[in-house]
Amino acid sequence: MIVFCTNINERLSGNKQIVSIYLSLGKQCWTSCLIASEFDQKMILNIVLYISYYNHFMVYLNQIVIIVIIIKSYGSERMLKLLTTFRVVYETRNFSRTAELLFLSQPAVSNQVKQLERELGVTLFERNGRKEMKPTKQADLLYERALVLLEDWQETQQQLLDEQNEEEVCRIVASHTFAVYLLPKLLKFLLPKYPKVNFVVSYANSHHALDQIAKHEADFGFIEKPLETTGVQRFSLMEDELVIAGDPDSQLWLVRESTSGVFHYTQRYFEEKNIHGKKMLIKSNEIIAALLKEGVGCSILSKRATPENVPMKSLDYHRNFYLIQRTHLVSESLQSIAKEILIYNEFYKKTVEKNKRDFNS
């Protein structure tokens, strides 16, 4: 120890100002540690000088302390409650709406956000007036971390239930076309491989599906547009062909909403052909297909979704479906399912190519 401190002293010789500043601090720190052995003042000073010379060590130590405090708080029921409230406030930007969703009073929501700000020592929301709220950069960072922390806790709870019930949940959200025409075959492929997994399926348009994945409300999503956002991975899947289906002489166009996967192609076609006819907004492929079967209107939709006996014309519009998933999949089963989905996709594409070759030969 004496040789060690002497070497440090040689490296820091000449720093008289630092010596005078840290001398008393060194005495207090060493005394407070309740060390029984008596070291001379010079050795104490050299140790303190070493820490000051490598001041980044103190920054690193401070970060460790903060992490320990957060981990300790995260383990408590109170911190989980505060993070849950923060998550909903961040997503809704509204205390009243958060109170409704969490069955709390508005003052309770406000108090919990203030408690969390005091706990972390940061401001999470800038409040302009009574209703307008803007999250700070610290809130953006905490939101990403909170999603992971809360999911880890939910995953832990789920694993405990799985150990008891021997069953795990996999939540899938898919766009309309994929959900109806491709997902059933994919599930037929997955179900025998995962007998202890309970698959929960819902459908939504591409934007809403992405939002559910980003908010950890679903594990896997299948969309019709190359959308992306923070914390979400995207993989290109099989191709889809779009056609004009229905009465070719009709002036009535049946169109999907702007957030649907086919809307972009519909608008593109209208612009290319300078079409300004009457449009009927319909938020369901199934309703559009039913109207087309009745001879009502025409529409741009997936070739897969076009009913039999309904006339259609090729547009040479091709798009891809996409798999989206969180970048942080805790469960080993979910990680395995993600790999199997991509394996199935390759199998599907090879089968389609083979069928094409057989048809053309």
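Residues numbered from 1 in each chain as written. Predicted model: local features only at pLDDT ≥ 70, side-chain atom pairs only at ≥ 80, totals over all residues. Heavy atoms only, no water.

The name given to the protein chain in an unreviewed UniProt entry is LysR family transcriptional regulator, and the organism recorded there is Enterococcus villorum ATCC 700913.

J.: Is there a simple way to think about the overall build of the protein chain in this case?
T.: Each helix and strand counted, the protein chain has 14 helices and ten strands in total. When the 361 residues of the protein chain are sorted by exposure, 39% land in the buried category. Expressed as a percentage of contacts within the protein chain between residues at least 6 apart in sequence, the contacts between residues at least 24 apart total 74%. Summed over its atoms, the accessible surface of the protein chain is roughly 22000 Å², and 54% of this surface lies on carbon and sulfur atoms. (Helix = DSSP H or I, 4+ residues; strand = E, 2+ residues; numbered from the N terminus. Buried < 20%, exposed > 50% of the residue type's maximum accessible area, 1.4 Å probe, protein only. Contact = heavy atoms within 4.5 Å. Areas by Shrake-Rupley, 256 points an atom, 1.4 Å probe, with all protein chains shown as cover.)

J.: Is there a simple way to think about the environment of Lys 81 in this case?
T.: Counting through the fold element by element, Lys 81 comes out in helix α5 (residues 77-92). As for Lys 81 and Leu 116, which are separated by 35 residues in sequence, their C-alpha atoms are 9.9 Å apart.

J.: Explain the pattern of salt bridges here, please?
T.: Side-chain pairing between opposite charges can occur once the charged atoms of the two side chains come close. Tallied over the full model, the rule gives 14 salt bridges. The salt bridge partner of Lys 215 is Asp 211, with a shortest N-O separation of 3.3 Å. Between Asp 240 and Arg 304 there is a salt bridge, and its shortest N-O distance comes to 2.7 Å. In this pair, Asp 240 is assigned in strand β6 (residues 232-246) and Arg 304 in the loop between β9 (298-302) and β10 (312-326), connecting sequence segments 64 residues apart. (Salt bridge = Lys/Arg side-chain N within 4 Å of Asp/Glu carboxyl O.)

J.: What is the right way to look at the packing of aromatic side chains in this model?
T.: Pairs of aromatic rings are described using the distance from one ring centre to the other and the angle between the two planes. This structure, assessed with the given rule, holds ten aromatic pairs. Taking the centre distance of 4.2 Å and the plane angle of 15° together, the rings of Tyr 90 and Tyr 143 count as stacked. Pair noted here: Tyr 90 is in helix α5 and Tyr 143 is in helix α8 (residues 137-165), with a separation of 53 residues, a long-range link. Taking relative accessible area as the criterion, Tyr 143 reaches 10% and is therefore assigned buried. Put simply, the rings of Phe 86, Tyr 90, Phe 125 and Tyr 143 touch in pairs and so form one group of aromatic residues. In this structure, Arg 93 packs its charged tip against the face of Tyr 90, placed 4.7 Å from the ring centre. (Phe/Tyr/Trp six-rings, centres within 6.5 Å; stacked < 30°, edge-to-face > 60°. Lys NZ or Arg CZ within 6 Å of the ring centre and 35° of its normal.)

J.: Teacher, can you tell me more about the packing of helix α10 (residues 183-190) against helix α14 (residues 332-360) here?
T.: In a packed pair of helices, the relevant descriptors are the angle between the two axes and the axis-to-axis distance. The N-to-C vectors of α10 and α14 enclose an angle of 120°; their axes lie 11 Å apart at closest approach. Considering their axes alone, α10 and α14 lie oblique with respect to each other. Of the two elements, α10 crosses α14, and the hand of that crossing is right-handed. Contacts between α10 and α14 involve Lys 185, Leu 186, Phe 189 and Leu 190 on the former and, on the latter, Ile 337, Glu 340, Ile 341 and Tyr 344. Of the residues that constitute the contact of α10 with α14, the class distribution is six nonpolar, no polar and two charged. (Axes fitted to C-alpha atoms, helices over the stretch in contact; angles between N-to-C directions. Parallel < 35°, antiparallel > 145°, perpendicular 65-115°, else oblique. Left-handed = near helix turned anticlockwise from the far one by under 90°. Nonpolar A, V, L, I, M, F, W, Y, C, P; charged D, E, K, R; others polar.)

J.: Is there a simple way to think about the pairing of β6 in this case?
T.: Moving residue by residue along a regular strand, the side chains alternate between the two faces of the sheet. By the bridge criterion, twelve bridges tie β6 to β10 in an arrangement that is antiparallel. Counted as the bridge partner of Ile 244 is Lys 313 from β10. As defined by bridge partners, β6 adjoins β9 across five bridges and the pair is classed as antiparallel. Bridge pairing links Gly 246 to Cys 298 in β9. (Pairing = 2+ DSSP bridges.)

J.: Sorry if this is basic, but what is going on with helix α12 (residues 263-273) here?
T.: Because an α-helix completes one turn every 3.6 residues, residues spaced three or four positions apart along the sequence face the same direction. Inspection of α12 places Tyr 265, Thr 266, Tyr 269 and Phe 270 among the buried residues, and these make up the whole buried set. Considered in projection along α12, the buried side chains sweep an arc of 140° and stay on one side of the axis. On the buried face of α12, the contacting elements are β6, β7 (252-255), β8 (278-281), β9 and β10. Where α12 ends, the next residue or the one after it, Asn 274, has phi of about 55°, a positive value. (Arc of directions from axis to C-beta.)

J.: How should I be thinking about the side chain of Asp 219 in this particular structure?
T.: Along the chain, Asp 219 falls in the loop between α11 (206-214) and β5 (220-223). Within polar-contact distance, the side chain of Asp 219 engages the backbone nitrogen of Arg 171 at 2.7 Å. A polar atom in the side chain of Asp 219 sits 3.2 Å from the side chain of Arg 326. Look past the residues within four positions of Asp 219 in its chain and what remains in contact with it is Val 169, Cys 170, Arg 171, Ile 213, Ile 324, Gln 325, Arg 326 and Leu 334. (Polar contact = N/O pair within 3.5 Å; in protein donor to acceptor, adjacent residues only side chain to side chain.)

J.: So what exactly am I meant to see when it comes to the environment of His 176 here?
T.: You can see His 176 is positioned in helix α9 (residues 176-181). For His 176, a relative accessible area of 8% gives the class buried. C-alpha separation for the pair His 176 and Ser 206, spaced 30 residues apart in sequence, amounts to 8.7 Å. Other than its neighbours up to four places away in sequence, His 176 contacts Tyr 203, Ala 204, Asn 205, Glu 224, Arg 256, Lys 283, Asn 285 and Glu 286.

J.: Can you walk me through α14 in this structure?
T.: Between its terminal C-alpha atoms α14 stretches 43 Å, which fits the 42 Å expected from 29 residues at 1.5 Å a residue. Along α14, the residues classified as buried are Leu 334, Ile 337, Ala 338, Glu 340, Ile 341, Tyr 344, Asn 345 and Tyr 348. Of the surrounding secondary structure, the elements contacted by the buried residues of α14 are β3 (168-174), α10, β4 (197-203), β5, β6 and β10. A distance of 3.1 Å separates the backbone nitrogen of Ser 333 from a side-chain oxygen at the start of α14, and that oxygen is part of Ser 331. (Expected span 1.5 Å × (residues − 1).)

J.: What's the story with the environment of Gly 277 in this structure? I'm lost.
T.: Here Gly 277 shows up in the loop between α12 and β8. Separated by 25 residues in the primary sequence, Gly 277 and Leu 252 place their C-alpha atoms 6.5 Å from one another.

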